[in-house]
Amino acid sequence: MSNTEDRIKQLAQHTFGTWNRQSAWTSPLLIKDAEGVYFYDYKDKPYIDFSSMLICSSLGHKNKAIIEAIVKQAEKLPYVAPGFITEVAMDALEAIQSMMPEGLNKFFFSTSGTEANDGALVMTRQSQAPRYKVISRYHSFHGATSAGMAFTGDPRRILTERARYTVEGVCFAPDCYCYRCPFGQTYPECKIQCATYIDYMIKEDGNIAAIIVEPVVGTNGRIVPPPEYFPMIRKICDENDVLLIADEVMTGWFRTGKKFAMDHWNVVPDIMTTAKGCTSAYTPVGITATTDKVADFFENEMFCHGHTYAYHALSLSAIPPAIAEYKKLDASGVIREGSEHLKNELYKLADRHECVGDVRGIGHLWGFELVKNRKTKEAFNVKMDKLTGAPLMTGKVSAECFKNGLYVLAWYDNLVIAPPLIITKQEIDKAIHILDNALTIADNEVVSTGIAASRSSEFSS
Ligand SMILES: Cc1ncc(COP(=O)(O)O)c(C=O)c1O
């Protein structure tokens, strides 16, 4: 065994692999380099990054302007305690203010998406007291701290409820999931029952302080709501004096084509959380943004929250250059043209492969939900398979892609197609070609129905 392979095994043995059985964390792949939409393993094999790592490397790898800004800040002043301020914090604030929807005026900077949601919980519970309950949805992921995981509806919450469920008072609403409507209805005849039911929940449950939503469901399916959904939710929140928290950790920073996903529906939340794309993952940053209404509560009340690394100068240094890059990409039409091409190619690919039950998404955030039978929508895998370690069909397709130089994340029932916003048409075509071949693995286990793949989010893309 080479020295490198030995050291890889050592590392695996002495560290916890995230979201993994540790017996499966034996030989993680060593990544040596990355540039643009490619990354390279230690044997120099290239991979196209078709999921932007964890849907965060939106500007691709090794962006020079961002790296230069980080290096400059490291030399100048990497850290001061959050009770002081730095010039880079002022620069980051101005850059962020130039992007935020009108009304979101006050910010808290942490170092991750889940911490941004922790901040949102503190703002909610202090300002809305004595009301304390938060409505979330089953198809959701909001992070791994106690608050983030308590808000999370996906299978990972189920396994850790006892370990981490110290945040009480979270109730789960039915999803806005047209392909598998929880009410068995069809859009638009449904009259968006999934939204009106939330009004019913608020009134019947009592003590509801806020609702937290991913504007486009990320990990749990790239589910885009019909255009009426969020304006209705906004109205319901206003009528019931409930805060609307938009978790834009994944969907912010042009991932869905607009600055923030809520911009598609002209809805401004009371609290917005974001992370990932705000630095394109070059440094760890989480942002909790809020309106005057929430902020004013803390004028004479202690904001009972903070971290050693809050407002970390080195972390914040990546924000201004990242935002400058997004503005350039947007103005030049690169984002729009790339997403249009991606959408067209994904629709064609879904038509060619019977295993794709539903193709849905928006911007550079898409999913293929794989099924055995388009008519019955029988899934290859269900939620609990994620916990029991059962082999996943999405995992098999993703592994075949990886073997052929394409990185595509797999959730238990769908593939995560979310490339960096800088991806070119040629790079998309190359990736689609590899995915095309890999999908035949699932096609081989499908019942032929002659029915076309559903495009459940076409109404809003
Ligand atoms: C919507 C959403 N919220 C929160 C988080 C948690 O962010 P982090 O992993 O930075 O804590 C994620 C991570 O994927 C996410 O997708």
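Above this text sits the structure in question.
Anyway, here's the lowdown on the structure attached to this text. (Residues numbered from 1 in each chain as written. Predicted model: local features only at pLDDT ≥ 70, side-chain atom pairs only at ≥ 80, totals over all residues. Heavy atoms only, no water.)

1. Some thoughts on the overall build of the protein chain
Now for step 1: Summing up its helical and strand segments, the protein chain has 17 helices and 16 strands in all.
Now for step 2: By the compact-globule yardstick of 23 Å for 461 residues, the protein chain fits well, its C-alpha radius of gyration being 22 Å.
Now for step 3: Overall size of the protein chain, expressed as C-alpha extent along the three principal axes, is 65 × 60 × 45 Å.
Now for step 4: Counting only residues that meet the buried cut, the protein chain has 54% of its 461 residues in that class.
Now for step 5: Put simply, of all contacts in the protein chain between residues at least 6 apart along the chain, 74% involve residues at least 24 apart.
Now for step 6: Counting only carbon and sulfur atoms, one obtains 54% of the accessible surface of the protein chain, whose full area is about 19900 Å².
Now for step 7: Where the 48 positive side-chain charges of the protein chain centre and where its 55 negative ones centre are 4 Å apart. (Helix = DSSP H or I, 4+ residues; strand = E, 2+ residues; numbered from the N terminus. Rg over C-alpha atoms; globule rule 2.2 N^0.38 Å. Buried < 20%, exposed > 50% of the residue type's maximum accessible area, 1.4 Å probe, protein only. Contact = heavy atoms within 4.5 Å. Areas by Shrake-Rupley, 256 points an atom, 1.4 Å probe, with all protein chains shown as cover. Lys, Arg positive; Asp, Glu negative; His and termini not counted. Charge placed at Lys NZ, Arg CZ, Asp CG, Glu CD.)

2. Looking at the layout of surface pockets
Empty space among the atoms becomes apparent when a probe as large as a water molecule is rolled across them.
Now for step 1: Taken as a whole, the second largest pocket spans an internal volume of roughly 440 Å³.
Now for step 2: Forming the walls of the second largest pocket are 20 residues, and the residues nearest its centre are Lys106, Phe107, Phe108, Phe303 and Tyr311.
Now for step 3: Of all the secondary structure elements, the ones that give two or more residues to the lining of the second largest pocket are α4 (87-97), β4 (106-110) and α10 (292-297).
Now for step 4: Counting residues per element, the lining of the second largest pocket draws most heavily on β4, at four residues. (1 Å grid on protein atoms, 1.4 Å probe; cavity = no way out; pocket = protein on both sides within 12 Å on 5 of 7 lines; lining within 4 Å. Points joined across faces, edges and corners; volume = space filled by probe spheres on them.)

3. Section: a nonpolar patch on the surface
Now for step 1: Taken together, the side chains of Ile158, Val382 and Met384 define a hydrophobic patch exposed on the protein surface, amounting to about 240 Å² of accessible area.
Now for step 2: For Val382, the location among the structural elements is in the loop between β13 (378-379) and α14 (385-388).
Now for step 3: A residue is classified by how much of its surface remains accessible, and Val382, at 49% relative accessible area, is partly exposed. (Patch = residues over 30% accessible without salt bridge, like charges linked within 9 Å, V, L, I, M, F, W, Y side chains within 5 Å. Salt bridge = Lys/Arg side-chain N within 4 Å of Asp/Glu carboxyl O.)

4. Some details on the sheet that holds strand β1 (residues 31-35)
Now for step 1: Spatial strand order, β1-β2-β3-β14: four strands in an open sheet with mixed pairing. With partners counted over all chains shown, the strands left at the sheet margins are β1 and β14 (406-407), one partner each.
Now for step 2: Note: strand β3 (residues 46-49) against β14, two bridges, orientation parallel. Each bridged residue has a counterpart across the sheet, and for Ile48 the counterpart in β14 is Leu406. (Pairing = 2+ DSSP bridges.)

5. Section: the packing of helix α15 (residues 393-403) against helix α16 (residues 425-438)
Now for step 1: Interaxial distance between α15 and α16 falls to 9 Å at its minimum, and their mutual angle equals 130°. In terms of axis orientation, α15 runs oblique to α16. As α15 packs across α16, the resulting crossing turns out to be right-handed. Contacts between α15 and α16 involve Val397, Glu400 and Cys401 from the former and Ile434, Leu435 and Ala438 from the latter. (Axes fitted to C-alpha atoms, helices over the stretch in contact; angles between N-to-C directions. Parallel < 35°, antiparallel > 145°, perpendicular 65-115°, else oblique. Left-handed = near helix turned anticlockwise from the far one by under 90°.)

6. Details of the packing of aromatic side chains
Now for step 1: Counting across every chain of the model gives 22 aromatic pairs.
Now for step 2: Taken together, a centroid distance of 5.0 Å and an interplanar angle of 70° make the contact between Trp253 and Phe260 edge-to-face. Assigned by exposure class, Trp253 and Phe260 land together as buried.
Now for step 3: Centre to centre, the rings of Tyr347 and Trp366 are 5.7 Å apart; their planes meet at 90°, and the pair counts as edge-to-face. Placement of the pair is Tyr347 in helix α13 (residues 334-352) and Trp366 in strand β12 (residues 365-373), with a sequence separation of 19 residues. Trp366 shares its class with Tyr347; the two are buried.
Now for step 4: One aromatic cluster is present, built from ring pairs that chain together Phe108, Phe109, Phe297, Phe298, Phe303 and Tyr311.
Now for step 5: Positioned above the aromatic ring of Trp19 is the side chain of Arg156, whose terminal nitrogen or guanidinium carbon lies 4.7 Å from the ring centre.
Now for step 6: We note Arg455 situated over the ring of Tyr347; from NZ or CZ to the ring centre the distance is 3.9 Å. (Phe/Tyr/Trp six-rings, centres within 6.5 Å; stacked < 30°, edge-to-face > 60°. Lys NZ or Arg CZ within 6 Å of the ring centre and 35° of its normal.)

7. Description of the sheet that holds strand β5 (residues 133-137)
Through backbone hydrogen bonds, the strands of a sheet pair up, either in parallel or in antiparallel fashion.
Now for step 1: Strand order across the open sheet formed by seven strands is β4-β10-β9-β8-β7-β5-β6, with mixed pairing between neighbours. The open sheet has two edge strands, β4 and β6 (170-173), and neither has a second partner. Across the sheet, the axes of successive neighbouring strands diverge by a mean angle of 20°, strand direction being ignored.
Now for step 2: Direction of pairing for strand β7 (residues 208-213) relative to strand β8 (residues 243-247): parallel, over a ladder of four bridges. Directly across from Ile212, in β8, lies its bridge partner Ile245.
Now for step 3: Across the sheet, helix α8 (residues 193-205) is in contact with β5, β6 and β7; its angle to β6 comes to roughly 150°.

8. What about the pattern of salt bridges?
Now for step 1: The full count for this structure, using the stated rule, is 22 salt bridges.
Now for step 2: When the shortest N-O distance is used, the salt bridge between Asp154 and Arg156 registers 2.8 Å. The pair Asp154 / Arg156 is uniform in exposure class, with both members buried.
Now for step 3: Across the pair Asp199 and Lys203 runs a salt bridge, and its minimum N-O distance is 2.8 Å. In this pair, Asp199 and Lys203 both sit in helix α8, four residues apart, roughly one turn of the helix.

9. Considering the packing of α4 against helix α12 (residues 319-331)
Now for step 1: Between α4 and α12, whose axes approach to 8 Å, the crossing angle comes to 25°. One element, α4, and the other, α12, form an angle in the roughly parallel class. The way α4 lies across α12 gives a crossing that is left-handed. Along the contact surface, α4 presents Asp91, Ala92, Ala95 and Ile96, while α12 presents Ile319, Pro320 and Ile323.
Now for step 2: A class-by-class count of the residues in the contact of α4 with α12 yields six nonpolar, no polar and one charged. (Nonpolar A, V, L, I, M, F, W, Y, C, P; charged D, E, K, R; others polar.)

10. Focus on helix α9 (residues 229-240)
Now for step 1: An ideal rise of 1.5 Å per residue puts 16 Å on 12 residues; α9 measures up with 17 Å between its terminal C-alpha atoms.
Now for step 2: Regarding α9, the residues found buried are Tyr229, Phe230, Ile233, Arg234, Ile236, Cys237 and Asn240. Across the axial projection of α9, the buried residues extend over an arc of 165°, all falling on one side. Opposite the packed face of α9, turned more than 90 degrees from it, sit the exposed residues Lys235, Asp238 and Glu239.
Now for step 3: Elements in contact with the buried residues of α9: β5, α8, β7 and β8. (Expected span 1.5 Å × (residues − 1). Arc of directions from axis to C-beta.)

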